[in-house]
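Remarks on the overall topology
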Amino acid sequence: MSAFFISTGVVALAEIGDKTQLLALLLAARFRKPLPIVAGIFVATIVNHAIAGSLGAWLITLVSPDVLRWVLVASFIGMAVWMLIPDKIDEDEIRIRDGAGVFTATVIAFFMAEMGDKTQIATVMLAAKYDALFAVVAGTTVGMMLANAPAVWIGHKAANVLPTRAVHIVSACLFAGLGVAAAMGMAAA
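So, a few notes on the structure that sits alongside this text.

Moving on, we get to the overall build of the protein chain. Within the protein chain, the secondary structure is distributed over nine helices and zero strands. Counting over 189 residues, the protein chain shows a buried share of 44%. Here the analysis covers contacts within the protein chain between residues at least 6 apart in sequence; of these, 93% occur between residues at least 24 apart.

Leu-23, Ile-37, Ile-41, Phe-110 and Val-152 are the most contacted members of the largest nonpolar core, which has 18 residues in total. Those elements that place two or more of their residues in this core are helix H2 (19–31), helix H3 (34–62), helix H5 (102–114) and helix H7 (133–154). The element contributing the most residues to this core is H5, with five residues. Leave out the neighbours within four places in its chain, and Val-152 touches Ala-24, Ala-28, Pro-34, Ile-37, Val-38 and Ile-41. Membership of the second largest hydrophobic core comes to five residues, among which are Ala-3, Val-10, Ala-127 and Val-136.

Our focus in this paragraph is the environment of Leu-25. One can find Leu-25 in helix H2. Note on Leu-25: relative accessible area 6%, which makes it buried. Counting along the chain gives 123 residues from Leu-25 to Asn-148, while the straight-line C-alpha distance between them is 8.3 Å.

Our next topic: the packing of H2 against H7. At a closest axis distance of 8 Å, the pairing of H2 and H7 adopts a crossing angle of 30 degrees. On the basis of their axis angle, the class for H2 and H7 is roughly parallel. In the packing of H2 onto H7, the handedness of the crossing is right-handed. Between H2, through Thr-20, Gln-21, Ala-24, Leu-25 and Ala-28, and H7, the contact on the second element is made entirely by Met-144, Ala-147, Asn-148, Ala-151 and Val-152. In the contact of H2 with H7, the residues fall into seven nonpolar, three polar and no charged.

One way to put it is that H3 packs onto H5 with a least axis distance of 8 Å and a crossing angle of 35 degrees. The chirality of how H3 crosses H5 is right-handed. Along the contact surface, H3 presents Pro-36, Ile-37, Ala-39, Gly-40, Ile-41, Val-43, Ala-44, Thr-45, Val-47, Asn-48, His-49 and Ile-51, while H5 presents Val-102, Phe-103, Thr-106, Val-107, Phe-110, Phe-111 and Glu-114. Its residues assigned to classes, the contact of H3 with H5 comprises 13 nonpolar, five polar and one charged.

Here we come to a nonpolar patch on the surface. Together, Leu-55, Trp-58, Leu-59, Leu-62, Val-63, Val-67 and Val-71 give the surface a local cluster of nonpolar side chains, amounting to about 580 Å² of exposed area. The element contributing the most residues to the nonpolar patch is H3, with four residues. As for its placement among the helices and strands, Val-63 is situated in the loop between H3 and helix H4 (65–83). Classification of Val-63 by relative accessible area gives partly exposed; the value is 33%.

About the criteria used
- Residues numbered from 1 in each chain as written.
- Predicted model: local features only at pLDDT ≥ 70, side-chain atom pairs only at ≥ 80, totals over all residues.
- Heavy atoms only, no water.
- Helix = DSSP H or I, 4+ residues; strand = E, 2+ residues; numbered from the N terminus.
- Buried < 20%, exposed > 50% of the residue type's maximum accessible area, 1.4 Å probe, protein only.
- Contact = heavy atoms within 4.5 Å.
- Core = buried A, V, L, I, M, F, W, Y, C linked by side-chain atoms within 4.5 Å.
- Axes fitted to C-alpha atoms, helices over the stretch in contact; angles between N-to-C directions.
- Parallel < 35°, antiparallel > 145°, perpendicular 65-115°, else oblique.
- Left-handed = near helix turned anticlockwise from the far one by under 90°.
- Nonpolar A, V, L, I, M, F, W, Y, C, P; charged D, E, K, R; others polar.
- Patch = residues over 30% accessible without salt bridge, like charges linked within 9 Å, V, L, I, M, F, W, Y side chains within 5 Å.
- Areas by Shrake-Rupley, 256 points an atom, 1.4 Å probe, with all protein chains shown as cover.
- Salt bridge = Lys/Arg side-chain N within 4 Å of Asp/Glu carboxyl O.

This is how it looks when you write it as structure tokens:
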């Protein structure tokens, strides 16, 4: 259960102010149909994070536990630094064909925006760390939904209330803490 709860918390915090949350706000403003947008975010996230989690699970079969720990330490510390860099969304990521329905447009746009994103990389790392694919993918998906569904339902009002910089600092501290914990686990072993 700890893999689920840590994955949920880490991704929910990491998603605040992330480009995919910005995309959720843009989709909500453009289409004004929250239900298909939230459903599209859910489907895109499940698929994207299942792929990312599977990659993380596969990585643990390729490298020794000692090498994996060092990779995780470096990755978590790197993610902590990355959390302090504000995200921007490119116009190319929100181009949506006029003929696509709201759900389809959301799935495609969200899936593409999530490729190589902080939360996708975090999913890879968490799946490698915990060796609990289902719990990590479920947790990261719940975290994404906790951050993005309110953005869609409430719109721009929620984004203006949250202190994004403070949330990013807390997220960076969480990732740094995971890196330190992984390093300490190596020292104890």
